[in-house]
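# Topology and contacts: notes
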Amino acid sequence: MRRIPRRGFLAGALAGCADAATGAMTPVGAGYRPEAGSDEAELWRALDRMEEGTRQSRFLLREPAIVDYVRDVACRLAPEQCGDLRVYVVRTAQFNASMAPNGMMQVWTGLLLRCENEAQLATVIGHEIGHYIERHSLKGMLDRRNKATAGMILSLGLGAAGGGLGSELAQLAGYASMFSFNRDQEREADAVGLGLMERAGYPTIEAAKVWENLIAENKAMPQRERGPGFFATHPAQEERAETLRRQAAQQAGPADARQGEYLARLRPIRRLLLQDELALRQFDRSLIVLGRLAEALPEDAATQHFTGEAYRLRDQPGDADRALGMLGRAARLPDALAETQRSLGMIHLARRDQRAANAAFRRYIELAPAAQDRLLIQSFIREGA
Amino acid sequence: MKAIRAAILSLGLLAGCTAYEAIPGQPQAIGNGLSVVGEPEFNRRTGAIGRRAEFQQWTADGFELNALHLYGGIGEGETLSPVADRDNRRELPVFRANSNLAEAAEFVQASIAKLGGTALIEARDIRPIAFGGRDGFRFEFRITLKDEVERDGIAAGAVASGRLYLIFYHAPRQHYFERRKPAVERIIASARL
Amino acid sequence: MRALAAIALVALLAACAPGPHRGVPVLQGQAGVPVVVLMPVDVELYEITAGGMVEPKGEWTDRARPAVETALARFKNSRGIGFRNLGGVGDTETRDLILRTIRLHGAVGQAIAIHRFSPGQTLPSKRERFDWSLGAEVAPIGRAQRADYALFVHLHDSYSSGGRVAMAVAASVLTLGRAYIQMGRQEGFASLVDLRTGEIVWFNRLLESAGGDLRTPEGAGRTIAALLQDFPR
Ligand SMILES: [Zn+2]
């Protein structure tokens, strides 16, 4: 039994918790609820209040088909926990997901964009469920060094307590950082996740690919631009990718990554995801993500369009040519976006090819008569040029 | 150490450099290239913000509640943030002198989104207007920043001699946007290049 | 070190600081005794680092909310006004409105705290006038709650480390002209809003020196007492 100095409510709370459990904590089972009046229950209450804030955030993606799909994947992985978790899809173009000890799971749209198939989404969800089942965040709080972190969970909960008072999602980064687990816990979560994947019939090799893809993306970015996100809380990806690859080799039996299903389900929001991705203006990195997507969906007009846009907006030597090529291809696809014509017109205009610009802009207005910039674009059409 | 630096910086901002002055209802020069007629319900933040004299910030009720940004010229290679120009321009869109009006409007919208750190921005009614007697653009936008307050905004500008002259305004939808909108429209209409 | 910085700030802010704004001497109730509805208290304690991470500020958040609520309840009981907590909020529309208005209040309160209470930050156009408002849009809250006024309380304790300052200034181009005021200080304010017009008829902000330790009942009591001093009858 460890003695923890009882300073303040929380320290006392957690010490009490450890006393009660004599240091050993059982994994979370189905329908788990902390004992009423216990300190863990206090913690849950704070998180519930924070969840209230999340529910009310303008940054939530509310498309039921998408939220249901993410929940279905979680339930397929962990049917036992299905009834205990609540899924929130947050419109933030970074790669991240988290699961709080009370069952609140957040998945950021940047993660959805980056997964190549359902198995990769299952990798991250399975990993987070691993932290949840093993109660890592609670264990971490028992650690005296993390006591302050536990205090923060409460404070975040308090912040949301007033009924969603504004800044909850602004604090998501911090919320993620409060679950900074140690290496052993990360390994444990990976192992649990891998087990869940295998049981659900996903190829576990996809777990390694998730990290390998992120490593590739990260390498494309200048050091200083690698902002907060999953990497801040999940270091040492290279070692982890290797370990996962080794472990995956042992998988027996048939498995399906469900790529077709995944890409079809994401289709309704792909444009939105790509638009948000480009708004980050990390074009080098976005081009890697887009390249992967184009491999899977060579005929997808949105992917081609935004690849062209990434070049057009990055505007480095040679980019205009690349943009023209991509956009030209995008324009010929059956479900071409009207905006592709707009972008083409812009490049033609910059090259003083007024006639080609006129044609593209006319086509744009024909395809999108209600476009918000119709009047401005119309003003670029000049006859007699 | 950090704390002291923070305190010094904040003291500088609070006491020394930043204050507010009245704006008489007469032509106000924004740098050398732009002038607008002042509106007494607005106040001007004085003191250097970054190093660009041709950048002004006006507010009627406080910057959280209505903010008017006036640029008397953004040149080739510059960004919307004078501070970013100095030490932190990463990922902020950079203005190109050869931009057409659509590209300029695109630059402004992308910059606002990036500065606001939000994916929740939508531009509406992007149209050509006469701005300061030149061919210009104008659009409205709706943006949610991290404080989750929904704001509406207006941006208007023109490109002349390779420089972007720009005014943009934003305020919470509830009460504040409409409250100062008539004055903002007058300011935009009064612009002279 | 940090304490030193804080003291410097307090000294600066305390100099020539005006008292609370009191737009009406006596509250007016539609049906006799004026009814004030207490909006959910906005309490938050955190630290922001240069990386934008929210980090814990020690172990001092645990008791803040209950302590503040107890202190408010004591204050309520000492007044002859019909105070009540926010009741069941019927339709989604009113719920959204309340949420929107609490968020807006955070922005409005910050603006007032700076432009009325911080030396050198006065807005010339408002020298003779206090006309901040949450908008006539709030009227449905009054009808739904059968209240004349709403009291909004906002208590944020935050500290930003140095690196964040540069970022805050960069962000200032957009809105948050004054993200810097969040540095190393307790940000607390309260507004009494006339639910018929949306006007803020009474406002006060917390002087750092007056605020207590929110974790303790005594500290929270002192904070609430300081915040609600000169509250209209
Ligand atoms: Zn993890």
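Fair warning: this is a prediction, and the values are worked out from it, not measured in the lab.

Cut-offs applied
Residues numbered from 1 in each chain as written. Chains lettered and ligands numbered in written order. Predicted model: local features only at pLDDT ≥ 70, side-chain atom pairs only at ≥ 80, totals over all residues. Heavy atoms only, no water. Helix = DSSP H or I, 4+ residues; strand = E, 2+ residues; numbered from the N terminus. Buried < 20%, exposed > 50% of the residue type's maximum accessible area, 1.4 Å probe, protein only. Contact = heavy atoms within 4.5 Å. Areas by Shrake-Rupley, 256 points an atom, 1.4 Å probe, with all protein chains shown as cover. Expected span 1.5 Å × (residues − 1). Pairing = 2+ DSSP bridges. Disulfide = S-S within 2.5 Å. Axes fitted to C-alpha atoms, helices over the stretch in contact; angles between N-to-C directions. Polar contact = N/O pair within 3.5 Å; in protein donor to acceptor, adjacent residues only side chain to side chain. pLDDT = per-residue confidence, 0-100. Salt bridge = Lys/Arg side-chain N within 4 Å of Asp/Glu carboxyl O. Left-handed = near helix turned anticlockwise from the far one by under 90°. Nonpolar A, V, L, I, M, F, W, Y, C, P; charged D, E, K, R; others polar. Parallel < 35°, antiparallel > 145°, perpendicular 65-115°, else oblique. Domains from an automatic or database assignment. Buried area = accessible area lost by both parts, 1.4 Å probe.

### Description of the overall build of chain C
Helices and strands together make up the secondary structure of chain C, namely 6 helices and 8 strands. Listed by position from the N terminus, the elements making up chain C come as α-β-β-β-β-α-β-α-α-β-α-β-β-α. Buried residues in chain C amount to 59% of all 233 residues. Restricting to contacts in chain C with at least 6 residues of sequence separation, those with at least 24 account for 79%. Per element, the accessible surface of chain C, about 8700 Å² overall, is 54% carbon and sulfur.

### What to know about the environment of A:Y69
Here A:Y69 is to be found in helix α3 (residues 64-77). Those residues within four positions of A:Y69 in sequence are excluded, and the remaining contacts are A:E118, A:E261, A:Y262, A:R265 and A:L266.

### As for helix α17 (residues 338-350) of chain A
Along its 13 residues, α17(A) runs 19 Å from first to last C-alpha, staying within 8% of the 18 Å computed at 1.5 Å per residue. Summarising burial for α17(A): 11 of the 13 residues are buried, a large majority. Every buried residue of α17(A) is accounted for by A:A338, A:T340, A:Q341, A:R342, A:S343, A:L344, A:G345, A:M346, A:I347, A:H348 and A:L349. Packed against the buried residues of α17(A) are α15 (301-314), α16 (319-332), α18 (354-367) and α19 (374-378) of chain A together with α3 (101-116) of chain B. The first or second residue beyond α17(A) is A:R352, which carries a positive phi of 60°.

### So, the pairing of strand β10 (residues 163-172) of chain B
Residue and element names in this part refer to chain B. Counted residue by residue, β10 has 9 buried out of 10 residues, so it is predominantly covered. Two elements, strand β9 (residues 150-160) and β10, share 10 bridges in a ladder whose sense is antiparallel. Bridge pairing in β10 links A160 to R163.

### Section: unusual backbone geometry
Residues and elements named next belong to chain A. With a phi angle near 55°, R258 is a residue other than glycine that sits in the positive phi range. Mapped onto the elements, R258 comes out in the loop between α12 (237-248) and α13 (259-279). Residue class for R258 comes out partly exposed when judged on its relative accessible area of 23%.

### Observations concerning the state of the cysteines
All names here are of chain A. Taken as a whole and judged by the stated rule, the model has 1 disulfide over all chains. C75 shares a disulfide with C82; S-S distance 2.0 Å. Measuring the twist about the S-S bond at about 70°, one finds the C75-C82 disulfide to be right-handed. Take C82: its relative accessible area is 24%, and that puts it in the partly exposed class. Unpaired in terms of disulfides, C115 finds its nearest cysteine sulfur in C75, a separation of 17 Å. By relative accessible area, which is 3% here, C115 ends up buried.

### What about the sheet that holds strand β2 (residues 86-90) of chain A?
Hydrogen bonds along the backbone pair up the strands of a sheet, which may run parallel or antiparallel. All names here are of chain A. Pairing within the open sheet is mixed, and its 4 strands lie in the order β1-β2-β4-β3. Strand pairing shows two members of the sheet lacking a second neighbour, β1 (60-61) and β3 (97-99), which therefore form its edges. Here β2 runs beside strand β4 (residues 104-108); their pairing, made up of 5 bridges, is parallel. Residue pairing for β4: V87 is matched across the bridge by M105. Along the sheet, helix α5 (residues 118-133) makes contact with β3 and β4, crossing β3 at roughly 25°.

### Some words on the side chain of C:S191
Residue and element names in this part refer to chain C. Along the chain, S191 turns up in strand β7 (residues 185-194). Engagement of the side chain of S191 in a polar contact is seen with the side chain of H105, the distance being 2.7 Å. If we ignore the near neighbours within four places in the chain, the residues touching S191 are H105, A150, L151, F152, I200, W202 and F203.

### Topic: the side chain of C:S133
Assignment of secondary structure puts C:S133 in the loop between α3 (92-117) and α4 (139-145). A polar atom in the side chain of C:S133 sits 2.8 Å from the backbone nitrogen of C:G135. Here C:G198 takes part through its backbone oxygen, which lies 3.1 Å from a polar atom of the side chain of C:S133. Not counting chain neighbours up to four residues away, the residues in contact with C:S133 comprise B:H175, B:Y176, C:V108, C:T197, C:G198, C:E199 and C:I200.

### Topic: the confidence of the model for chain C
Residues and elements named next belong to chain C. Of all residues in chain C, 62% have pLDDT values of 70 or greater, and the mean over the chain is 70. Segment residues 1-16: pLDDT under 50, and 26 contacts once partners within four positions in sequence are set aside and those in other chains are kept. The low-confidence segment residues 158-185 (pLDDT under 50) makes 98 contacts with residues lying over four places distant or belonging to another chain. Reported confidences for the modelled complex are a pTM of 0.82 and an ipTM of 0.86.

### Considerations on the pattern of salt bridges
The final tally for this structure, using the stated rule, is 51 salt bridges over all chains. Beyond isolated ion pairs, a larger network of salt bridges with shared partners links B:E39, B:E41, B:D61, B:R179, B:R180, B:R186, C:K126, C:R129 and C:D131.

### A short note on the packing of helix α10 (residues 205-219) of chain A against helix α14 (residues 283-296) of chain A
Residue and element names in this part refer to chain A. Here α10 crosses α14 at 145°, and the two axes come no closer than 8 Å. The handedness of the crossing between α10 and α14 comes out as right-handed. Here N213, A216 and E217 of α10 lie close against α14, whose contacting residues are R285, I288, V289 and R292. Of the residues that constitute the contact of α10 with α14, the class distribution is 3 nonpolar, 1 polar and 3 charged.

### A word on the packing of α17(A) against α18(A)
Two measures define how a pair of helices packs: the angle their axes make with one another and the distance between the axes. Residues and elements named next belong to chain A. Contact geometry of α17 with α18 gives a least axis separation of 8 Å together with a crossing angle of 160°. Comparing their axes, α18 and α17 come out roughly antiparallel. Regarding α17 and α18, the two cross each other, and that crossing is left-handed. On α18, the residues touching A338, E339, Q341, R342, L344, G345, M346, H348 and L349 of α17 are Q354, A356, A357, A360, F361, R363, Y364 and L367. Split into classes, the residues belonging to the contact of α17 with α18 amount to 10 nonpolar, 4 polar and 3 charged.

### Quick word on the domain arrangement of chain A
All names here are of chain A. Per the domain assignment, the segments of chain A are domain 1 (6-248) and domain 2 (270-380). At the interface, 15 residues of domain 1 touch 13 residues of domain 2. Summed over both sides, the interface between domain 1 and domain 2 buries roughly 1500 Å², with carbon and sulfur atoms accounting for 59% of that surface. Ranking the residues of domain 1 by area buried against domain 2 places R91, L113 and E217 at the top, with a combined share of 35%. Seen at the junction of domain 1 and domain 2, the total is 4 salt bridges. Run the count over domain 1 and domain 2 and you get 3 residue pairs in polar contact (both at pLDDT 80 or more). Among the elements of the structure, α4 (109-114) and α10 are those that each provide at least two residues to the side of domain 1 that touches domain 2. Considering every element that reaches the side of domain 1 that touches domain 2, the biggest residue donor is α4, with 4 residues.

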